[in-house]
Amino acid sequence: EAQVTQNPRYLITVTGKKLTVTCSQNMNHEYMSWYRQDPGLGLRQIYYSMNVEVTDKGDVPEGYKVSRKEKRNFPLILESPSPNQTSLYFCASSLSVLGPEQFFGPGTRLTVL
Amino acid sequence: RKEVEQDPGPFNVPEGATVAFNCTYSNSASQSFFWYRQDCRKEPKLLMSVYSSGNEDGRFTAQLNRASQYISLLIRDSKLSDSATYLCVVNIHKFYFGSGTKLNVKP
């Protein structure tokens, strides 16, 4: 089954404790992206990757890191999480940056205390 | 100015009603257009792509007006299961999402 998977689905952590949210797709997509979604603000792009070893900042990259060592995986790293990073995070992938459409993972609900 | 703007709603309609959403985009170079549906706390899922000639999928019709830079979604004969948030998405070398329009279909 074609899908994007994310782990963990739910996470409660404390300020400053490094964490990684994994994302994997099995569709051989070149383009992958991380978004956060907050009430009233919609989906905002954090980082994206056009292909292996090619990553770039989105609209809200501060406090986040990513890597793309393999085509299928695109982990999101929070080196020192803070409460303002409490949010719902989605990973997405598409064949290319032009689409034709993005497939989303199920989301990770992160709470930073 | 936001790339994509939508009325947040909510639109509260009775079952069986016809409801229409509009979405405006700011960049005339936009290349592709989509409507996504998002249920509460779930991931967005593609509802339909929007083509220049307009397209229909069952009760759903999407249209694109390049001259006025807006896209629309029409839902006929609304069902309770149509209750969700509808996201307008525009692609100009990356995906830009609107904040979504919330639809509540009441019995």
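In short, a report on the structure.

Thresholds, definitions, all that
- Residues numbered from 1 in each chain as written.
- Chains lettered and ligands numbered in written order.
- Predicted model: local features only at pLDDT ≥ 70, side-chain atom pairs only at ≥ 80, totals over all residues.
- Heavy atoms only, no water.
- Pairing = 2+ DSSP bridges.
- Helix = DSSP H or I, 4+ residues; strand = E, 2+ residues; numbered from the N terminus.
- Axes fitted to C-alpha atoms, helices over the stretch in contact; angles between N-to-C directions.
- Contact = heavy atoms within 4.5 Å.
- Buried area = accessible area lost by both parts, 1.4 Å probe.
- Salt bridge = Lys/Arg side-chain N within 4 Å of Asp/Glu carboxyl O.
- Polar contact = N/O pair within 3.5 Å; in protein donor to acceptor, adjacent residues only side chain to side chain.
- Disulfide = S-S within 2.5 Å.
- Buried < 20%, exposed > 50% of the residue type's maximum accessible area, 1.4 Å probe, protein only.
- Core = buried A, V, L, I, M, F, W, Y, C linked by side-chain atoms within 4.5 Å.

## Some points on the sheet that holds strand β7 (residues 65-66) of chain A
Residue and element names in this part refer to chain A.
Alright, step 1. In space, the four strands of this open sheet follow the order β1-β3-β8-β7, with antiparallel pairing throughout. Bordering the open sheet on either side are β1 (4-7) and β7, each of which pairs with just one other strand.
Alright, step 2. Relative to strand β8 (residues 76-78), strand β3 (residues 19-25) runs antiparallel, the two being bridged by three bridges. Note that in β8 the partner of L19 across the bridge is L78.

## Regarding the environment of A67 of chain B
Alright, step 1. Residue placement: A67 of chain B occurs in the loop between β7 (60-65) and β8 (70-75).
Alright, step 2. Each C-alpha atom, one on A67 of chain B and one on P14 of chain B, is 33 Å from the other, the two residues being 53 residues apart in sequence.

## A closer look at the sheet that holds strand β1 (residues 4-6) of chain B
Residues and elements named next belong to chain B.
Alright, step 1. Read across the open sheet, the five strands follow the order β1-β3-β8-β7-β6; overall the sheet is antiparallel. Both outer strands of the open sheet, β1 and β6 (55-57), are each paired with one neighbouring strand and no more. For this sheet the average axis-to-axis angle between neighbouring strands, irrespective of direction, equals 20 degrees.
Alright, step 2. Pairing analysis gives six bridges linking strand β3 (residues 19-25) to β8, with the strands arranged antiparallel.

## Some points on the interface of chain A and chain B
Alright, step 1. At the junction of the two partners, chain A supplies 23 residues and chain B supplies 17 residues.
Alright, step 2. For the chain A and chain B pair, buried surface summed over both sides reaches about 1500 Å², with 54% attributable to carbon and sulfur atoms.
Alright, step 3. Together, L43, L98 and F104 of chain A form the three largest contributors to the area buried by chain A at its contact with chain B, with a combined 29%.
Alright, step 4. Viewed at the interface, chain B and chain A are joined by one salt bridge.
Alright, step 5. One salt bridge in this structure joins D59 of chain A and K94 of chain B, with 3.6 Å as the shortest N-O distance.
Alright, step 6. Between the two partners, chain A and chain B, sit four residue pairs in polar contact (both at pLDDT 80 or more).
Alright, step 7. At the level of elements, β4 (31-38), β5 (42-51) and β9 (87-94) of chain A are the ones that each hand at least two residues to the side of chain A that touches chain B.

## A closer look at the state of the cysteines
Alright, step 1. Applying the stated criterion to the full structure yields two disulfides over all chains.
Alright, step 2. With a sulfur-sulfur separation of 1.8 Å, C23 of chain A is cross-linked through a disulfide to C91 of chain A. Across the S-S bond linking C23 of chain A and C91 of chain A, the dihedral sits near -70 degrees, which makes this disulfide left-handed. Remark: C91 of chain A occurs in strand β9 and C23 of chain A occurs in strand β3; sequence separation between them is 68 residues. Residue C23 of chain A shares its accessibility class with C91 of chain A, and that shared class is buried.
Alright, step 3. Covalently, C23 of chain B is tied to C88 of chain B through a disulfide, its sulfur atoms 1.9 Å apart. Looking down the S-S bond of the C23 of chain B and C88 of chain B bridge, the torsion is -65 degrees, so its handedness is left-handed. Taken together, the residues C23 of chain B in strand β3 and C88 of chain B in strand β9 (residues 84-91) connect sequence positions 65 residues apart. In this pair, the class of C23 of chain B matches that of C88 of chain B, namely buried.

## Points about the nonpolar core
One broad trend across soluble globular proteins is that nonpolar side chains are buried collectively.
Alright, step 1. Counting 24 residues, the largest nonpolar core has F21, W35, I71, L73, I75, Y86 and L103 of chain B as the members making the most contacts within it.
Alright, step 2. Put simply, the parts of the chain that give this core at least two residues each are β3, β4 (32-38), β5 (45-50), β7, β8, β9 and β11 (101-106) of chain B.
Alright, step 3. Setting aside residues no more than four positions away along its own chain, L73 of chain B makes contact with V19, A20, F21, W35, L47, M48, F60, T61 and Y86 of chain B.
Alright, step 4. Formed by 19 residues, the second largest nonpolar core is a distinct cluster that contains L19, V21, V60 and L78 of chain A.

Keep in mind these values describe shape, not function.
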